[in-house]
Amino acid sequence: MTVSAVCPGSFDPITLGHIDIIERAASRFDSVTVAVLSNPSKQALFTVEERMELIAETCAHLDNVTVDQFTGLLVNFCHDRDIRVICKGLRAVSDFEYELQMAQMNQRMGDVETMFLTTSPEYGYLSSSLVKEVARFGGPLTGTVPERVERELRERYG
Ligand code: PNS
């Protein structure tokens, strides 16, 4: 039996914290799909295609990881691909309440279980939003995003 998992998110853009979770998921599941939420009502810095390309490049060392996109409910995406596990990182207690609600709703709606990996301590403070804010004001990004992502951020924020 092969067990597949999905790592869903906005990934605007992918950070080293995301990559840490994807790597750890890839070492425990037979295959992992990184699923980028395409949400036209949310203003993003990178297009879905750009985000997917950055994920594909920065996860190229992981043979069992593929990148895809979805709109609407994550459970529908999972059903269409026979994926029964959502794998997510938990950074802090502040993440927990909303994540718990989503996990319970996804379990109820779609019989899809959510498994949480605790974020590695060095990435506990990291989020795509904070990275963008630091980049916007020209702050240091070392240790937060892959070099390629840093270059893209610098280009966008001049
Ligand atoms: O990186 P993010 O923005 O924290 O990721 C959130 C994401 C995309 C995982 C979550 O918002 C999601 O799954 N959205 C799709 C719609 C859905 O299924 N919502 C949950 C219903 S309980």
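Read on for an overview of the structure. Here the structure is a predicted model, which means the values were calculated and not measured.

**Topic: the nonpolar core**
Phase 1: Judged by nonpolar contacts, the single largest core of 30 residues is most densely connected at Ile14, Ile22, Val65 and Leu153.
Phase 2: Of all elements in the fold, only strand S1 (4-9), helix H1 (16-26), strand S2 (31-37), helix H2 (48-58), strand S4 (85-90), helix H5 (128-136) and helix H6 (147-157) reach the threshold of two or more residues within this core.
Phase 3: Among residues more than four places away in sequence, those in contact with isoleucine 22 are Cys7, Phe11, Ile14, Val34, Cys59, Leu62 and Val65.
Phase 4: Among the nonpolar cores identified, the runner-up in size contains ten residues, and Ala35, Leu74, Ile83 and Ile86 belong to it.

**Some thoughts on the environment of threonine 47**
Phase 1: With respect to the helices and strands, threonine 47 occurs in the loop between S2 and H2.
Phase 2: On the accessibility criterion, threonine 47 (39% relative accessible area) is partly exposed.
Phase 3: C-alpha separation for the pair threonine 47 and methionine 109, spaced 62 residues apart in sequence, amounts to 29 Å.

**Brief notes about the site of the ligand**
Phase 1: Residues in contact with the ligand, as listed here, are Pro8, Gly9, Ser10, Leu37, Phe70, Gly72, Leu73, Leu74, Lys88, Met102, Met105 and Asn106.
Phase 2: Leucine 74 has a polar backbone atom sitting 2.9 Å from an oxygen atom of the ligand.
Phase 3: Starting from 550 Å² of accessible surface for the ligand in isolation, the protein chains cover 72%.
Phase 4: Assessed atom by atom at 2 Å from the grid points, the ligand resides in the largest pocket.
Phase 5: Those elements giving two or more residues to the shell around the ligand turn out to be S1 and helix H4 (93-110).
Phase 6: Among the elements that take part in the shell around the ligand, H4 stands out by supplying three residues, more than any other.

**Some words on the side chain of threonine 58**
Phase 1: Mapping threonine 58 onto the fold places it in helix H2.
Phase 2: Only 2.7 Å separates the side chain of threonine 58 from the backbone oxygen of leucine 54, close enough to count as a polar contact.
Phase 3: Not counting residues up to four positions away in its chain, the partners in contact with threonine 58 are Ile14, Ile19 and Pro146.

**Points about unusual backbone geometry**
Phase 1: Residue proline 13 follows aspartate 12 across a cis peptide bond; omega there is 5 degrees.
Phase 2: Position of proline 13 relative to the elements: it lies in the loop between S1 and H1.
Phase 3: Phi angles above zero are rare outside glycine, and phenylalanine 11 is one such case at about 50 degrees.
Phase 4: Following the sequence through the fold, phenylalanine 11 ends up in the loop between S1 and H1.
Phase 5: Judged by its relative accessible area of 4%, phenylalanine 11 falls in the buried class.
Phase 6: One non-glycine residue, aspartate 82, lies in the positive phi region at around 60 degrees.
Phase 7: Summarising the element assignment, aspartate 82 is placed in the loop between helix H3 (74-80) and S4.
Phase 8: Judged by relative accessible area, aspartate 82 falls into the exposed class, the value being 65%.

How each quantity is defined
- Residues numbered from 1 in each chain as written.
- Predicted model: local features only at pLDDT ≥ 70, side-chain atom pairs only at ≥ 80, totals over all residues.
- Heavy atoms only, no water.
- Core = buried A, V, L, I, M, F, W, Y, C linked by side-chain atoms within 4.5 Å.
- Buried < 20%, exposed > 50% of the residue type's maximum accessible area, 1.4 Å probe, protein only.
- Helix = DSSP H or I, 4+ residues; strand = E, 2+ residues; numbered from the N terminus.
- Contact = heavy atoms within 4.5 Å.
- Near = heavy atom within 4 Å.
- Polar contact = N/O pair within 3.5 Å; in protein donor to acceptor, adjacent residues only side chain to side chain.
- Areas by Shrake-Rupley, 256 points an atom, 1.4 Å probe, with all protein chains shown as cover.
- 1 Å grid on protein atoms, 1.4 Å probe; cavity = no way out; pocket = protein on both sides within 12 Å on 5 of 7 lines; lining within 4 Å.
- Sits in = over half its atoms within 2 Å of the grid points.

Any link to function would need more than the numbers given here.
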